[in-house]
Amino acid sequence: MTKRITASLLGLALAAAAPVAAQTEWTSSRPDGHAPIGVMGDHTHEAGEFMFSYRFMHMGMEGMLDGTAEVPNDQVVSPTGYDFMVTPTEMPMQMHMVGAMYAPSDRVTLMAMFNYLSKSMDHVTRAGGAFTTESGGFGDIGVTALVGLVQEGPNRLHLNLGATLPTGTVEAMDETPASGGSEVQLPYPMQIGTGTFALQPGFTYLGMAERVSWGAQGRSTFQLGENDRDWKVGNQYMGTTWFGFRATEQFSLSARLAYQRWENYSGTDAAFGDLMMVPTVNADLLGGQRLDVPLGANFWVASGALRGLRVLAEYALPVWQNLNGPQLETTGVFTVGVQLSVEPG
Ligand SMILES: [Cu+2]
């Protein structure tokens, strides 16, 4: 019995030591060969390779925060509180994303991302009424060139040279109890696009050992100019680092830390006359910071006709938020996706 336990412990110790064994060359041909599905533009391809991907994302937002403190809904609409007429209470958002990647050379991979968004926002009014507004449509298209800087052994470093095109609408409309049966311009968070071109510079580092892999990415988004409605979405800054554990040839688990900061909008949409109507029409109540812990699972088909197919899922749990509030708090982000790489001829 003691012998058996000793043997098991020895086995565990060996398994734990295995991660430090050397992987001499970085490869995508592992379940953890791509970053967790919540990371964009994490990997490059070899010359001539295509990749197609589909992602579905659900983001939950519920309850109001001011700074790091929770604010009850009645406090937002109370004349002795924040004194708004209406407050949002909940906002689920869904996004479908289709992506294509192509590598004209080993050094450069090109990427295009298309998305379709569905948003819904529940509200309560000072008088105690409740209503919901909805919006949806194709969002801003993203185009990125990933440029390899370092490809040495198990380490990779590339630049993310991204841009977004203002293809999504900034004139999403719906009825509200105050709109008298006609549709009116929806508040900033319910819009589908930004209305401006944006630059998305960033970098990505990848490393790999026999059983584990890791990476880090930093990316920013800078909107250029003002849109046709005289406002601009705030700049965004994101940093993430992750760790992958290859449990079997085809299956891996991941854990990630993701920090993001997004600034207030600038300018004002002329449709929003009274900024005390609802917090979501106030451009100064849209910025914030958040730290998430996303946990993921990744499946990669190692052989057969579907070799190279990946199925990935990740759930991001927010552990800290500090919002220019009152503003809706994020409760979680779930992402699931499939990726199919096609090697040349
Ligand atoms: Cu790819």
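Fair warning: this is a prediction, and the values are worked out from it, not measured in the lab.

Trainee: Residues and numbers for the overall build of the protein chain, please.
Mentor: A count of helices and strands for the protein chain gives 2 helices and 18 strands. Seen along its three principal axes, the alpha-carbon backbone of the protein chain occupies a region of about 70 × 55 × 30 Å. Every one of the 345 residues in the protein chain was classed for burial, and the buried ones make up 46%. Taking the contacts inside the protein chain whose residues are at least 6 apart along the sequence as the reference set, 69% of them involve residues at least 24 apart. Accessible surface for the protein chain amounts to roughly 16,000 Å². Of this, 61% is attributable to carbon and sulfur atoms. With 18 positive and 33 negative side-chain charges, the protein chain shows a separation of 15 Å between the mean positions of the two kinds.

Trainee: Please give an account of unusual backbone geometry that cites residues and values.
Mentor: For the bond from Gly325 to Pro326, the omega torsion is 10°, close enough to zero to count as cis. In this structure, Pro326 sits in strand S18 (residues 309–342).

Trainee: Please set out the nonpolar core residue by residue, giving values where relevant.
Mentor: Of all hydrophobic cores here, the largest spans 23 residues; its most connected members are Met57, Met59, Met91, Met97 and Leu328. Listed by contribution, the elements that provide at least two residues to this core are strand S1 (50–67), strand S4 (93–102), strand S5 (108–125) and S18. Residue contributions to this core peak at 4 residues, all from S1.

Trainee: Describe the coordination of the copper ion, and please don't skip the residues or the numbers.
Mentor: Coordination sphere of the copper ion, protein contribution only: His43 (NE2), His45 (NE2), Met51 (SD) and Met101 (SD), at 2.0 to 2.4 Å. Coordination at the copper ion is tetrahedral: its 4 donor atoms span angles of 104 to 119° at the metal. For the copper ion, all donor residues lie on one chain, and their spacing in sequence is H-x1-H-x5-M-x49-M. Across this residue pair, the class does not change: His43 and His45 are buried.

Trainee: Which residues make up the pairing of strand S6 (residues 130–138), and what values go with them?
Mentor: For a regular strand, side-chain orientation follows a simple rule: the groups alternate between the two sheet faces. Where S5 meets S6, 9 bridges bridge the pair, whose relative direction is antiparallel. In the sheet register, Ser120 faces S6, and the bridge partner there is Glu134. What sits between S5 and S6 in their antiparallel hairpin is a turn of 4 residues, with Gly128 showing a positive phi close to 100°.

Trainee: So what about the pattern of salt bridges? Which residues, and what values?
Mentor: Applying the stated criterion across every chain yields a total of 8 salt bridges. Note that Arg229 and Asp269 form a salt bridge whose closest N and O atoms lie 2.6 Å from each other. Taken together, the positions of Arg229 in the loop between strand S12 (212–223) and strand S13 (231–232) and Asp269 in the loop between strand S16 (266–267) and strand S17 (288–300) put the pair 40 residues apart, joining distant regions of the chain. The partner of Arg290 in a salt bridge is Asp292, with the nearest N and O atoms 2.8 Å apart. Assigned by exposure class, Arg290 and Asp292 land together as buried. One connected set of salt bridges, linked through shared partners, spans Glu171, Arg229 and Asp269.

Criteria and cut-off values
Residues numbered from 1 in each chain as written. Predicted model: local features only at pLDDT ≥ 70, side-chain atom pairs only at ≥ 80, totals over all residues. Heavy atoms only, no water. Helix = DSSP H or I, 4+ residues; strand = E, 2+ residues; numbered from the N terminus. Buried < 20%, exposed > 50% of the residue type's maximum accessible area, 1.4 Å probe, protein only. Contact = heavy atoms within 4.5 Å. Areas by Shrake-Rupley, 256 points an atom, 1.4 Å probe, with all protein chains shown as cover. Lys, Arg positive; Asp, Glu negative; His and termini not counted. Charge placed at Lys NZ, Arg CZ, Asp CG, Glu CD. Core = buried A, V, L, I, M, F, W, Y, C linked by side-chain atoms within 4.5 Å. Donors = N, O, S within 2.8 Å, 3.2 Å for Na, K, Ca; no water. Tetrahedral: all angles 85-135°; square planar, octahedral: opposite > 155°, others 65-115°. Pairing = 2+ DSSP bridges. Salt bridge = Lys/Arg side-chain N within 4 Å of Asp/Glu carboxyl O.

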